[in-house]
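# Secondary and tertiary structure notes
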Amino acid sequence: MSKHNLFKKKVKKQILSINNLIESIFNKIKYFRFNYKKILLSENNRLVLIIGTVVILTLSYLLIPTFYNKSIIETRIKNQLLKNYGIDIKFNEQINYALLPKPHFSAKNLSILRDKKEIGLTKNLRVFIGLNQFFSLNNINMKNLVFDKTDFNIYRVDFLFFKDLLQLEPNDNKIIFKNSNIFFKNKNEEVLFINKIYKSEFYYDAINLQNVLVSKNEVYKVPFKLVIKNDKFNKKNYIFFNSKKIRLDIESETNYDKGESKNGQLNILFINKSTSLNYQLNKEMFKFQSKNNKNFYNGTLDFKPFYLSADFNYEGLSTKGLFDDDSILIDIISSEILNNRNLSANINLKIKDITNINELNNLNLKTFIEEGNINFSDSSIMWKEDLKIDFNETLLLVGDNGINLVGSFLLNFKNINNFYKSFQVKKSNRKEVKQIQLDFVYNLNSKSIRFDNPKIDNIQNTSLEEFLDNFNSQDDRIFNKITFKNFINSFFKAYAG
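My aim in this report is to walk through the structure given alongside it, one point at a time. (Residues numbered from 1 in each chain as written. Predicted model: local features only at pLDDT ≥ 70, side-chain atom pairs only at ≥ 80, totals over all residues. Heavy atoms only, no water.)

What follows is about the overall build of the protein chain. Scanning the protein chain from N- to C-terminus turns up 8 helices and 25 strands. Going through the 497 residues of the protein chain one by one, you find that 37% of them count as buried. If you take every contact in the protein chain between residues at least 6 apart in sequence, the share linking residues at least 24 apart comes to 43%. Counting every atom, the protein chain has about 30,400 Å² of accessible surface; 54% of that belongs to carbon and sulfur. (Helix = DSSP H or I, 4+ residues; strand = E, 2+ residues; numbered from the N terminus. Buried < 20%, exposed > 50% of the residue type's maximum accessible area, 1.4 Å probe, protein only. Contact = heavy atoms within 4.5 Å. Areas by Shrake-Rupley, 256 points an atom, 1.4 Å probe, with all protein chains shown as cover.)

See below:
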């Protein structure tokens, strides 16, 4: 009985509590009804009310474009892109509106056209718009354009698409390409190279009255920065190229007020060595010639087909660090920029004095590049005045074990007695020799070398073959001054028997 009474008391207490709560709520509503003006206009609530009103009105204004007719917006954007920027596009999916990071329209999988042919496909286009134009659909004007993840498939003639962007009329807007690729093809649909675009910006510099392109790119694993400025009033182009990886800086100034042919000057900083060139450029070729009489070079680059012919002559040049792991040579070869079967070149490099190696001089390096093969045959170098080294059938090969220089060389002795004296070969081992022939494989990564098929005056020698087999079996096949001297002495000792 007592438990039953206790339960009744608890229930009555809960009901009474609920009644009091309901009565309190109605009393507050009644109070707010007769005193709402006083409450809303109080100092504590006035600021909150103003901020809330501003936020609601701002969001309402910014959301106005969501009610626009999407087809009309697509037409306006398409027309403005074509009229103001010369960019022809085709929407493949419906356009959308977004607030963040700034109010803009976005389109997925959009086609970029040139002469009604698709040259690019953009995964995401963002068209930013001004904030003071939302009440009228007719007043919507584009601000900055961002093409994100665009793949361009273009030919030589299609490069006019980018050239035209550097000739636009003055405006305050930017055209940006991000995370994109340019697949440059030849007439046979073969990809010559791929240019990765991390970020490219086209804009007008109102202070210097120039159209400007600032772009961060990568070609053949070589990152670089490119800046192009077009001064339409003075009819000049300025180009700035920088690649820290290959330690190359190029500055160019071109006059283009004389028809299709252009004249200009190149300033090149390559491995801390500065050079100035004069050049002529037209649709068919690019010709250059140095201004320095001591270090003189010239060449021609034909565009159809792509072929470089050049001669470089130096009074003196250092090869120090040329074969280091982080050297410019290793970087260029590893990047495979030369391993392109569409690239052809005939380059002659002559260096009178190798400044960091006293014994070497008169380097004549002939480089032939054709269909991805890099050939150094018919090259030569002198050891003092006593020995001429001729390279035959010498190729540069890139494989799983690194970069290898493979070929054969001939040692043609002019004065073998002086050569023996230089290496302190024992008199008992000094034989009269006119020519030595050896096949070799030099690994540029490990700096190791191996020799095969020795011939002395065109005659094979069993003792030398055994000596070289033993040398090739050793793990340490890296030359320095001491090990090279010991190798020469052991070589002639084996030959002398």
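So, on to unusual backbone geometry. Phi is positive for Lys235, close to 55 degrees, though the residue is something other than glycine. Considering the arrangement of structural elements, one finds Lys235 in the loop between strand 9 (222-231) and strand 10 (236-243). The phi angle at Asn458 is positive, at roughly 70 degrees, despite the residue not being glycine. Relative to the elements of secondary structure, Asn458 occurs in the loop between strand 24 (449-456) and strand 25 (459-460). Using a relative accessible area of 56% as the deciding quantity, one classes Asn458 as exposed.

Our focus in this paragraph is helix 3 (residues 70-85). Across its 16 residues, helix 3 extends 22 Å between first and last C-alpha, which sits within 8% of the 22 Å expected from 1.5 Å per residue. Every buried residue belonging to helix 3 is among Ile73, Glu74, Ile77, Gln80, Leu81 and Tyr85, and all of these are buried. For helix 3, the buried positions fall inside an angular range of 135 degrees around the axis, keeping them on one side. Taken from the residues just after helix 3, Gly86 is the one with a positive phi, measuring 70 degrees. (Expected span 1.5 Å × (residues − 1). Arc of directions from axis to C-beta.)

Residues Phe413, Phe419, Ile436, Phe451, Phe487, Phe491 and Phe492 are the most contacted members of the largest nonpolar core, which totals 55 residues. Tallying contributions element by element places helix 8 (residues 481-496) first for this core, with 5 residues. Those residues in contact with Phe487 that sit more than four places away from it in its chain are Phe451, Phe467, Leu468, Phe471 and Phe479. Residues Ile77, Ile95, Leu165 and Ile182 belong to the second largest nonpolar core, which totals 39 residues. (Core = buried A, V, L, I, M, F, W, Y, C linked by side-chain atoms within 4.5 Å.)

Bringing the pairing of strand 3 (residues 104-114) into the picture now. Of all 11 residues making up strand 3, 9 are buried, and the element is well covered by its neighbours. With 3 bridges connecting them, strand 1 (residues 88-90) and strand 3 associate as antiparallel partners. Bridge pairing links Asp88 to Leu113 in strand 3. As paired strands, strand 2 (residues 96-98) and strand 3 are joined by 3 bridges and run antiparallel to one another. Pairing of Asn96 across the sheet is with Ser106, part of strand 3. From the end of strand 2 to the start of strand 3, which pair antiparallel, there are 5 residues. Two strands pair when backbone bridges link them, and strand 3 and strand 4 (residues 117-129) are joined in this way by 10 bridges, in the antiparallel orientation. For His104, the partnering residue across the bridge sits in strand 4 and is Phe128. Linkage of strand 3 to strand 4, two consecutive antiparallel strands, is achieved through a turn of 2 residues, within which Asp115 is found at a positive phi near 55 degrees. (Pairing = 2+ DSSP bridges.)

What follows is about the environment of Met142. Considering the arrangement of structural elements, one finds Met142 in strand 5 (residues 142-154). For the pair Met142 and Val127, spaced 15 residues apart in sequence, the C-alpha separation works out to 6.3 Å. Residue contacts for Met142: discarding those within four places in its chain leaves Ile77, Gln80, Leu81, Tyr85, Val127, Phe128 and Asn173.

Of the positions making up helix 6 (residues 416-423), those classed as buried are Ile416, Phe419, Tyr420 and Phe423. The buried residues of helix 6 all sit within an arc of 100 degrees when viewed along its axis, so they share a single face. For helix 6, the elements touching its buried residues are strand 20 (379-383), strand 21 (387-399), strand 22 (402-413) and helix 8. Capping the start of helix 6, Asn415 holds a side-chain oxygen 3.3 Å from the backbone nitrogen of Asn417, two or three residues further along. Phi turns positive one or two residues past the end of helix 6, at Gln424, with a value near 55 degrees. (Polar contact = N/O pair within 3.5 Å; in protein donor to acceptor, adjacent residues only side chain to side chain.)

Let's shift gears to the pairing of strand 11 (residues 248-255). Across 8 bridges, strand 10 lies against strand 11 in antiparallel orientation. When the bridges of strand 11 are listed, Asn237 appears paired with Thr254. The turn joining strand 10 and strand 11, which pair antiparallel and follow one another in sequence, is formed by 4 residues; a positive phi near 50 degrees is taken by Arg247. Note: strand 11 against strand 12 (residues 262-270), 8 bridges, orientation antiparallel. Of the residues in strand 12, the one forming a bridge with Glu253 is Gln265.

The next thing to look at is the pattern of salt bridges. Applying the stated criterion across every chain, the model contains 11 salt bridges. For the salt bridge of Asp158 with Arg114, the shortest nitrogen-to-oxygen distance reads 3.5 Å. In this pair, Asp158 is assigned in the loop between strand 5 and helix 4 (160-165) and Arg114 in strand 3, connecting sequence segments 44 residues apart. Accessibility classification places Asp158 together with Arg114 in one group, the buried group. Where Lys174 meets Glu201, a salt bridge forms, and the shortest distance between an N and an O atom there is 3.3 Å. You can see Lys174 sitting in the loop between helix 4 and strand 6 (175-185) and its partner Glu201 sitting in strand 7 (residues 191-205), a full 27 residues away along the chain. (Salt bridge = Lys/Arg side-chain N within 4 Å of Asp/Glu carboxyl O.)

A few words now on the packing of helix 7 (residues 462-472) against helix 8. Where helix 7 meets helix 8, the axes come as close as 8 Å, and the angle between the chain directions of the two elements is 145 degrees. Crossing of helix 7 over helix 8 shows right-handed handedness. In this structure, helix 7 uses Ser463, Leu464, Phe467, Leu468 and Phe471 to contact helix 8, whose residues at the interface are Phe487, Ser490, Phe491, Ala494 and Tyr495. Partitioned by chemical class, the residues of the contact of helix 7 with helix 8 number 8 nonpolar, 2 polar and no charged. (Axes fitted to C-alpha atoms, helices over the stretch in contact; angles between N-to-C directions. Left-handed = near helix turned anticlockwise from the far one by under 90°. Nonpolar A, V, L, I, M, F, W, Y, C, P; charged D, E, K, R; others polar.)

Purely geometric numbers; function is a separate question.
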